[in-house]
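# Descriptive structure summary
The lines below spell out each chain.
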Amino acid sequence: MKRILILCFACCLFLMNCNSSNNSNQNETNNLKKDTISVKRVDISNLTIEIDTIISSNEFERFCNTLYYYDSKLFSGVVFEKYVNGQIREEYNVKNGKLNGKYKGFFDNGKLSFEVDYNCENGIGFGVTYYSTGVIKQKTKVENFNFIEKSCFDKQGNEIECD
């Protein structure tokens, strides 16, 4: 019953998007593969995740090779996970079953822990991690699935050597 309600809700959201006169939404829908379902937001517990079993040279590449399914179809939309206290733990964009766009993580008090901008089609990404105080801890840049830049900072925001 829960699955049917979720499917009905997903269909309603999809139909509302289809009826929108916004061209950018129509272009986004047209870019989705035929076996893809588009839902605005879904809790990760409602998804099936096919994790990359190939040993990747780095975490960025492994994340990009992970596929997300909703109701046996490749998923497109926003995925979120929550802490036990109800705060959002992670929130990220998925398109055609793969990470694409912003991926944010939060401390259990709701403050931003990290933010990564993924482009898995091109193997490009930019990331920033934060101390719980909000000060930047590390910045990274990825090209062709390889880390090419990494800057680290102490708790006062001064640049330091990375481990």
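Here the structure is shown first, and the text comes after it.
Everything in this summary refers to the structure shown in the same document.

The rules we used
Residues numbered from 1 in each chain as written. Predicted model: local features only at pLDDT ≥ 70, side-chain atom pairs only at ≥ 80, totals over all residues. Heavy atoms only, no water. Helix = DSSP H or I, 4+ residues; strand = E, 2+ residues; numbered from the N terminus. Buried < 20%, exposed > 50% of the residue type's maximum accessible area, 1.4 Å probe, protein only. Contact = heavy atoms within 4.5 Å. Disulfide = S-S within 2.5 Å. Salt bridge = Lys/Arg side-chain N within 4 Å of Asp/Glu carboxyl O. Core = buried A, V, L, I, M, F, W, Y, C linked by side-chain atoms within 4.5 Å. Lys, Arg positive; Asp, Glu negative; His and termini not counted. Phe/Tyr/Trp six-rings, centres within 6.5 Å; stacked < 30°, edge-to-face > 60°.

### Digging into the environment of Val135
Following the sequence through the fold, Val135 ends up in the loop between strand E8 (124-130) and strand E9 (136-143). A relative accessible area of 24% means that Val135 is categorised as partly exposed. Apart from the residues lying within four places of it in its own chain, the contact partners of Val135 are Thr129, Tyr130, Asp154, Lys155, Gln156 and Gly157.

### Concerning unusual backbone geometry
Phi at Asp71 is positive, roughly 55 degrees, even though this residue is not glycine. As for its placement among the helices and strands, Asp71 is situated in the loop between strand E3 (67-70) and strand E4 (73-82).

### Here we look at the state of the cysteines
Scanning all chains against the criterion turns up 2 disulfides. Across the disulfide, Cys64 is cross-linked to Cys120 (sulfur-sulfur distance 2.1 Å). One disulfide, between Cys64 and Cys120, carries an S-S torsion of -70 degrees and so falls in the left-handed class. Taken together, the residues Cys64 in helix H3 (residues 59-64) and Cys120 in the loop between strand E7 (112-119) and E8 connect sequence positions 56 residues apart. On the accessibility criterion, Cys120 (9% relative accessible area) is buried. Regarding the disulfides, the chain carries the connectivity 1-2, 3-4 under sequence-order numbering of its bonded cysteines.

### Notes on the pattern of salt bridges
Applying the stated criterion across every chain yields a total of 3 salt bridges. The salt bridge involving Glu81 is made with Arg89; its shortest N-O contact spans 2.4 Å. Overall, the relative accessible area of 13% leaves Glu81 in the buried class. Relative accessible area serves as the criterion here: at 33%, Arg89 is assigned to the partly exposed category.

### Observations concerning the environment of Phe114
Within the fold, Phe114 resides in strand E7. When the C-alpha positions of Phe114 and Tyr103 are compared, they lie 8.1 Å apart, and in sequence the two are 11 residues distant. Discounting chain neighbours no more than four positions away, the residues touching Phe114 are Glu90, Tyr103, Lys104, Gly105, Val128, Thr129 and Tyr130.

### With respect to the nonpolar core
Counting 17 residues, the largest nonpolar core has Phe75, Tyr92, Val94, Leu99, Tyr103 and Tyr118 as the members making the most contacts within it. Elements represented by at least two residues in this core include exactly H3, E3, E4, strand E5 (88-95), strand E6 (98-106) and E7. Leaving out residues up to four positions away in the same chain, Leu99 has contacts with Phe63, Tyr68, Tyr92, Asn93, Val94, Tyr118 and Cys120.

### Considering the side chain of Glu90
Here Glu90 shows up in strand E5. Here Glu90 is buried and forms no salt bridge, its nearest opposite-charge partner Arg89 lying at an N-O distance of 4.6 Å. Residues contacting Glu90, with those up to four places away along its chain left out, are Val79, Phe80, Glu81, Tyr103, Lys104, Gly105 and Phe114.

### Examining the packing of aromatic side chains
Enumeration according to the criterion identifies 5 aromatic pairs in this entry. Each member of the aromatic cluster is reached from another via a ring pair, and the members are Tyr68, Tyr92, Tyr103, Phe114 and Tyr118.

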